[in-house]
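# Summary of structural features
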Amino acid sequence: MQEIRQVRLCGYGGQGVVLAGTILGYAAIKDGKWVAGSSSYGAQARGGYARADVIISDRTIVFPHVIEADILISMSQPAYDAYSGEVSPKGIIFYDSGMISPKKLECVEQVGVAATSYAVKEILQKQSANMIILGACLRVAEVVTKSSFAASIHENVPERFREANLKAFELGWSLGEHLKGVQEV
Amino acid sequence: MSFQEIKGTLPAGSYYFSGNEAVAEGAIAAGCRYYAGYPITPSSEIMERIAVRFKEVGGVFMQMEDELASICSVIGAVWAGAKAMTATSGPGFSLMQEAIGYAAITETPLVVVDIQRAGPGTGQATRVGSGDYMQAKWGSHGDYQVIALSPWSVQEMYEHSIEAFNLAEQYRVPVFVMGEEAVAHLRERLEVQATVRVFNRVKKHGTPPFGTDSMDGVPPMPAFGEGERLLVTGSTHDEFGIRKTDDPRAHARLVERINNKILANRGKIANTESWYLDGAEVVVVAYGFTARSALFAVELLRKTGKRAGLLRLKTIWPFPEEAIRDVGRSARKVLVPEMNRGQILGEVMKYARCEVSGLNQTNGEIIHPQRIVREVEAVL
Amino acid sequence: MARDLEKYLRPEIKSTPFCPGCGHGILMNLILRAIDELGESMDKMLFVSGIGCAGWIPSPHFNADTLHTLHGRAIAFATGAKMFNPALNVMVISGDGDLASIGGNHLIHAARRDTDLTVICANNMIYGMTGGQTASTTPLGSLSATSPGGNIYRPFDLCQLVLGAGGSYVARYSVTQPLSLVEAIKKALKLNGFSFIEVLSPCPTQFGRRNQYDSPTEMIALLLERCISKEEAEHLSEEDLRGKIITGEFTGARD
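Residues numbered from 1 in each chain as written. Chains lettered and ligands numbered in written order. Predicted model: local features only at pLDDT ≥ 70, side-chain atom pairs only at ≥ 80, totals over all residues. Heavy atoms only, no water.

## Looking at the interface of chain A and chain B
Many structure descriptions define interface size as the accessible area lost when the parts assemble. Contacts between the two partners involve 21 residues from chain A, matched on the other side by 23 residues from chain B. The interface formed by chain A and chain B holds 0 salt bridges in total. The interface formed by chain A and chain B holds 6 residue pairs in polar contact (both at pLDDT 80 or more) in total. The set of elements that each furnish at least two residues to the side of chain A that touches chain B consists of helix 1 (17-30) and strand 2 (34-39) of chain A. Looking at side-chain class alone, the side of chain A that touches chain B contains 12 nonpolar, 8 polar and 1 charged residues. (Contact = heavy atoms within 4.5 Å. Salt bridge = Lys/Arg side-chain N within 4 Å of Asp/Glu carboxyl O. Polar contact = N/O pair within 3.5 Å; in protein donor to acceptor, adjacent residues only side chain to side chain. Helix = DSSP H or I, 4+ residues; strand = E, 2+ residues; numbered from the N terminus. Nonpolar A, V, L, I, M, F, W, Y, C, P; charged D, E, K, R; others polar.)

## A look at the pairing of strand 9 (residues 174-180) of chain B
Residues and elements named next belong to chain B. Within strand 9, 7 of the 7 residues are buried, which leaves it mostly tucked inside the rest of the structure. On strand 9, burial covers both faces: P174, F176, M178 and E180 on one face and V175, V177 and G179 on the other are all buried. In this sheet, strand 9 lies alongside strand 6 (residues 110-118) in parallel orientation, the contact comprising 7 bridges. When the bridges of strand 9 are listed, V111 appears paired with V175. Inspection of the sheet shows strand 8 (residues 147-149) paired to strand 9 by 3 bridges, in the parallel sense. Of the residues in strand 9, the one forming a bridge with L149 is V177. You can see the chain leave strand 8, run along helix 6 (residues 154-171) and come back into strand 9, and the turn it takes is right-handed. (Buried < 20%, exposed > 50% of the residue type's maximum accessible area, 1.4 Å probe, protein only. Pairing = 2+ DSSP bridges. Right-handed = clockwise from strand over helix to strand, strands pointing away.)

## Comments concerning the pattern of salt bridges
Residue and element names in this part refer to chain B. Applying the stated criterion across every chain, the model contains 42 salt bridges over all chains. For E188, the salt bridge goes to R292, with nearest N and O atoms at 2.7 Å. With a gap of 104 residues between them, E188 in strand 10 (residues 187-192) and R292 in helix 10 (residues 290-303) connect regions that are remote in the sequence. Taking relative accessible area as the criterion, E188 reaches 7% and is therefore assigned buried. Judged by its relative accessible area of 3%, R292 falls in the buried class. Measuring nitrogen to oxygen at the nearest pair gives 2.8 Å for the salt bridge that ties R189 to E191.

## Topic: the domain arrangement of chain B
All names here are of chain B. Looking at chain B, the domain boundaries give domain 1 (3-199) and domain 2 (273-379). Each of domain 1 and domain 2 has a C-alpha centre, and the two are 26 Å apart. Every contact between the two is made by 27 residues of domain 1 and, on the other side, 24 residues of domain 2. Between domain 1 and domain 2, roughly 2000 Å² of surface is buried when both sides are summed, and carbon and sulfur atoms account for 58% of that area. On the domain 1 side of the interface with domain 2, the three residues burying the most area are Y133, M134 and W152, jointly 33% of the side's total. At the junction of domain 1 and domain 2, the tally comes to 3 salt bridges. In this structure, E156 engages R312 in a salt bridge whose closest nitrogen and oxygen atoms are separated by 2.6 Å. (Domains from an automatic or database assignment. Buried area = accessible area lost by both parts, 1.4 Å probe.)

## Considerations on the packing of helix 1 (residues 19-30) of chain B against helix 6 of chain B
Residues and elements named next belong to chain B. Running from N to C, helix 1 and helix 6 cross one another at 30°; their axes reach a closest spacing of 7 Å. Judged by the inter-axis angle, helix 1 sits roughly parallel to helix 6. Both helix 1 and helix 6 take part in a crossing whose hand is right-handed. Facing helix 1, whose interface residues are G19, N20, A22, V23, E25, G26, A27, A29 and A30, helix 6 presents V154, M157, Y158, S161, I162 and F165. Within the contact of helix 1 with helix 6, the residues separate by chemical class into 10 nonpolar, 4 polar and 1 charged. (Axes fitted to C-alpha atoms, helices over the stretch in contact; angles between N-to-C directions. Parallel < 35°, antiparallel > 145°, perpendicular 65-115°, else oblique. Left-handed = near helix turned anticlockwise from the far one by under 90°.)

## Points about the sheet that holds strand 5 (residues 87-96) of chain A
Neighbouring strands of a sheet are bound in pairs by backbone hydrogen bonds; such pairs are parallel or else antiparallel. Strand order in the open sheet formed by 8 strands is 6(A)-5(A)-4(A)-1(A)-3(A)-2(A)-10(B)-2(B), with mixed pairing between adjacent strands. Lying at the two open borders of the sheet, with one neighbouring strand each, are strand 6 (109-113) of chain A together with strand 2 (13-18) of chain B. In this sheet, neighbouring strand axes are inclined to one another by 20° on average, regardless of whether the strands run parallel or antiparallel. Here strand 2 of chain A runs beside strand 3 (residues 49-57) of chain A; their pairing, made up of 6 bridges, is antiparallel. Bridge pairing in strand 3 of chain A links G37 of chain A to V54 of chain A.

## Comments concerning the packing of helix 1 of chain B against helix 2 (residues 44-57) of chain B
Residues and elements named next belong to chain B. Following both chains from N to C, one finds helix 1 and helix 2 inclined at 40°, their axes separated by 8 Å at the closest point. Crossing hand, helix 1 versus helix 2: right-handed. In contact with N20, E21, V23, A24, E25 and I28 of helix 1, helix 2 contributes E45, I46, R49, I50, R53, F54 and V57. For the contact of helix 1 with helix 2, the per-class residue count stands at 7 nonpolar, 1 polar and 5 charged.

## Looking at the interface of chain C and chain B
Across the contact, 32 residues belong to chain C and 35 residues belong to chain B. Buried area between chain C and chain B, summed over both chains or domains, comes out near 2900 Å², and the portion from carbon and sulfur atoms is 60%. At the boundary of chain C with chain B, the tally comes to 2 salt bridges. For the salt bridge of E65 of chain B with R113 of chain C, the shortest nitrogen-to-oxygen distance reads 2.6 Å. Where chain C meets chain B, there are 19 residue pairs in polar contact (both at pLDDT 80 or more). Looking at the side of chain C that touches chain B, the elements that each hand over two or more residues are strand 2 (65-68), helix 2 (74-84) and helix 4 (104-113) of chain C. Class assignment of the residues belonging to the side of chain C that touches chain B gives a composition of 14 nonpolar, 11 polar and 7 charged. Alignment of strand 12 (residues 231-233) of chain B against strand 2 of chain C, held across 3 bridges, turns out to be parallel. When the sheet's bridge partners are listed, T233 of chain B is paired in strand 2 of chain C with H68 of chain C.

## Topic: the side chain of R189 of chain B
You can see R189 of chain B is positioned in strand 10. A distance of 2.9 Å separates the side chain of R189 of chain B from the backbone oxygen of K33 of chain A, its partner in a polar contact. What R189 of chain B contacts, discounting residues up to four positions off in sequence, is I29, G32, K33, W34 and V35 of chain A together with S14, Y15, Y16 and Q155 of chain B.

## Thoughts on the packing of aromatic side chains
In this description, an aromatic ring pair is defined by two values, namely the gap between the centres and the angle between the planes. One pass over the structure, following the stated rule, counts 18 aromatic pairs over all chains. Their ring planes at 45° and their centres at 5.6 Å tell us that F63 of chain A and F296 of chain B sit as a pair that is tilted. In this pair, F63 of chain A sits in the loop between strand 3 and strand 4 (69-74) while F296 of chain B sits in helix 10, so the two residues belong to two different chains. Overall, F296 of chain B belongs to the partly exposed group, its relative accessible area being 24%. Through a chain of ring-to-ring contacts, the aromatic side chains of F63 of chain A together with F289 and F296 of chain B assemble into a single cluster. The positively charged end of R189 of chain B is found above the aromatic ring belonging to W34 of chain A, 3.7 Å away from the centroid. (Phe/Tyr/Trp six-rings, centres within 6.5 Å; stacked < 30°, edge-to-face > 60°. Lys NZ or Arg CZ within 6 Å of the ring centre and 35° of its normal.)

## Examining the sheet that holds strand 13 (residues 272-275) of chain B
Residues and elements named next belong to chain B. Ordered by their spatial adjacency, 5 strands build an open sheet running 13-15-14-17-18, and the pairing between neighbours is mixed. The open sheet has two edge strands, strand 13 and strand 18 (355-360), and neither has a second partner. For this sheet, the mean inter-axis angle between neighbouring strands, taken without regard to orientation, is 20°. Of the strand pairs in this sheet, strand 17 (residues 333-338) and strand 18 are connected by 6 bridges, and their pairing is parallel. Bridged to L335 within strand 18 is S357.

## Notes on the arrangement of the chains
Out of 2 pairs of chains that touch, the pair holding the most contacts is chains B and C. Of all C-alpha pairs spanning chain A and chain C, none lies closer than 29 Å, and the two are not in contact.

As structure tokens, then:
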């Protein structure tokens, strides 16, 4: 694993982007990593587009903001348009293929996951899309361990949503299995 | 001295906390058991966490009608024996200034956390700034000293909150944790130890609560309800608290002592951290979040062979004059990046006998490391 | 000061700063009388006061813990002390300008919270210490340093204000009604909740001098004439009530 990973999650306010970032960051701490997370705050976070940045490192983090994302997870077209240009060379973008028409980008791998559509059909809850796309991403990009992520869901998600989130994460993880070498699931 | 090692209030281990949450936990670990505040962005998460955690640890939480009432009730609680605090942001900090002067003249130990946002006025409530440092120093009328700390990480938001209580209790003085929105809302790994080193108030019954033999001493401080029949007043007073509103010697004696007790201990209080100062031609002097941009920039510069260094100010007031003098002797140039129009630049200029310039930004955003890199490269 | 109450005063303080004819000395006496009759221990009493002449009633005279605070903020300071240490018996003594004008917000919020404080407001209807400026309690038409043509604004009815905000015990008496006032202070001290007593106290130096009451006795006579009981007021016409000050308890002690 690389020494430092810069992960950016973005989408509409209400898609659970900020919570997903918190779950990811806490999972990385469970793996013994150093973590710095920041998210859009204020009026933007209340309905406009939302962003959560998580930096995960093997040593203490000096500058805690994302300079160039190594991994971008995008769940809405406006957020994709705003941030897809700030991905590092050899970076990877995971996008919700039911919500976003991707652009052609040089040097950046792009993977589509129909997270919202799976969430509606399989989990019967649109809000679970965040865990599906993150599950797929983690399987492919190996950012944190599966067990730490599941434990982090347990500790950060209120009880009444916990099962749905865990189920969605498992679904995303298994989708990630099939993603090895393909561009979209 | 009354330092002791006590059991922590959180299980030891790693946490993923925001800066505001870390402040609340640091205060509780230090023994804070009275909090009064008024909601204000971007500090409100501190009071929200305190409200929940005081139910578990047994503290008194009061949401007051405004910031004036918040800090005044904190002073009342401190004299009733509490370690107490309030937290706010610029507009609320402005409202608290009169009471801060009162705390200074009555030698009331208390902690105010100011999560700085982009001012002046209402400004940009959700955006960052570092514009309250001069207000922290000079905000109330008259001559007095305070202690102001400048944390740069979530870890330090926790540690400085503990340190703030320890300093307040040692010196009987208002202590400010000068947070910034960018650190308050940052989430980071926080390492919590099993025990905490705290300073508890020195009490000596029957001794004057407002006087010492020396001109830089700190008198012991009893509490209400202990049979001491205390006289506490914001008017000029003698060592027993008796008002002396037209005695020039009493006024001078009191004012000199409340200033001297901090200034004479400047060397013990003022804290800095040095990074890559060996052979540094250009030294960046920075504090708070900006010091992280600065350190990142300095490390980039060193990788390309540029002789840059960083002096980080962990304490702003009392100002670390000696460290600045040293840097001024060894460096060719000092650069002071700040999220304001140069509040600390002026202080650095007073003590650094070399070329000093500022890098100032007032757009409600953090200073990007690349700006600092470019600025240093221009002179190296 | 009655000799038997001297034990409640700091022995090193030999005089009060009040002007001749000021009502605050009488009030000081009556507060201590109430404490004496209740047998309250001065070791558990905390007196909190603000800025202004009335702020000097307890500080430095009373031989107990005293906290002389900022202008307007006495109730906020008292709230902190009482909430942290409920064993303290906390009494706030201050003036009308301090408690109801600059400190009005704290007054209504402490009443709303029903914080267990006894608040005694010495109302002299003017800013005395600063030289006789109009207060929020100055009667319509009265002259002051800042109302040379007579006050054009209605004064606060402090008791109605505190009642409206939720205070548990509210009363108004004049220093010319000492027995009733002592009873009211005793009730307030025993009550577990927010209690407020407005005490009319004459200020010959600033109010009297400007309003043609040339001696302290004239001001005392005026209070004796103007202050009528709630019960008396019930039988008077609107015409007869003009200029009268209605005194009494405005709620019974809650418990």
